[in-house]
Amino acid sequence: MSDFITYAVAYAREGWRVLQVHGWSENHCTCGNPHCRSPGKHPVARGWQNTATTDEQTIRYWWQEHPQYQVGIATGQGLLVVDVDVKPGKRGEESLEELERIHGPLPPTYTVRTPSGGFHFYYSYPADVHISNKVNYRPGIDIRGDGGQVVAPPSAYVNGTRVPYVFATEHRVTQVPDWLLSDLRSPAPAAASVPAPLKSYSAATPAVLDAARQQLQRHGPAIEGQGGDAHTFRAS
């Protein structure tokens, strides 16, 4: 279990925010739900988006206290993951090939092979750019951006046998290609409208009020349907 600490600390030193995700207990997710829809994959802590950290002391404490949990990496804030699912019926591989026919091959980067045979392609992007999570960005391809997370080595999927997440390349993380960044970046939040300043007027003097009364007396009342609007306009 100390491998989890070793890997988690290594990720933190890369500047990647680490979190704990549930592990396995006798082929069941440690969350305790026998019908868990994401066994061995979902975060342990509520509010994990705010508690994911690069602090080594915190990371060591987490796994010393709960060594059964696996390692997750929070995405966003300059790190995105292209998640390609190749399970039957998902078409992730075909979608990736189609994208590469149009735009050219994705640049080599740090890549993890998932237990099901899919891939997590890690890319960096400018931290001041907002990239949201996109489920089914293309059939079988999800994008993990702000508020997202991925399970990382040496975590595993267990179903009778243990199948780990493994490193698929020796590359370091590279910059996301321009075409993909342009396609993924979310529009900047609309600037809050600033109300026009209210004009201030000085109080009317007695002479002005008296002149207004005389004007209204000369013109008589404004009656709707009898040219009242125009009547009032002339009086003003």
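Residues numbered from 1 in each chain as written. Predicted model: local features only at pLDDT ≥ 70, side-chain atom pairs only at ≥ 80, totals over all residues. Heavy atoms only, no water.

Let us look at the environment of Thr-169. Residue placement: Thr-169 occurs in the loop between β13 (166–167) and β14 (174–175). As a C-alpha pair, Thr-169 and Arg-113 span 56 residues in sequence and 9.1 Å in three-dimensional space. Contacts of Thr-169, omitting those with residues within four sequence positions, involve Thr-109, Tyr-110 and Thr-111. Polar contacts involving the side chain of Thr-169 include one to the main-chain amide nitrogen of Thr-111, which spans 3.3 Å. A distance of 3.5 Å separates a polar atom in the side chain of Thr-169 from the backbone nitrogen of His-171. (Helix = DSSP H or I, 4+ residues; strand = E, 2+ residues; numbered from the N terminus. Contact = heavy atoms within 4.5 Å. Polar contact = N/O pair within 3.5 Å; in protein donor to acceptor, adjacent residues only side chain to side chain.)

As a further point, take the confidence of the model for the chain. On average, residues of the chain score 86 in pLDDT, and 78% of them reach the 70 mark or higher. Here residues 228–236 is modelled with pLDDT under 50, and outside its nearest four sequence neighbours on either side it reaches 12 contacts, counting other chains as well. (pLDDT = per-residue confidence, 0-100.)

The next point concerns the state of the cysteines. For the structure shown, the criterion picks out zero disulfides. Looking at Cys-31, it has no disulfide partner, and the nearest cysteine sulfur is the one in Cys-29, 3.6 Å off. Here Cys-36 stays unpaired: no disulfide links it, and the sulfur of Cys-31, its closest cysteine neighbor, is 3.8 Å away. (Disulfide = S-S within 2.5 Å.)

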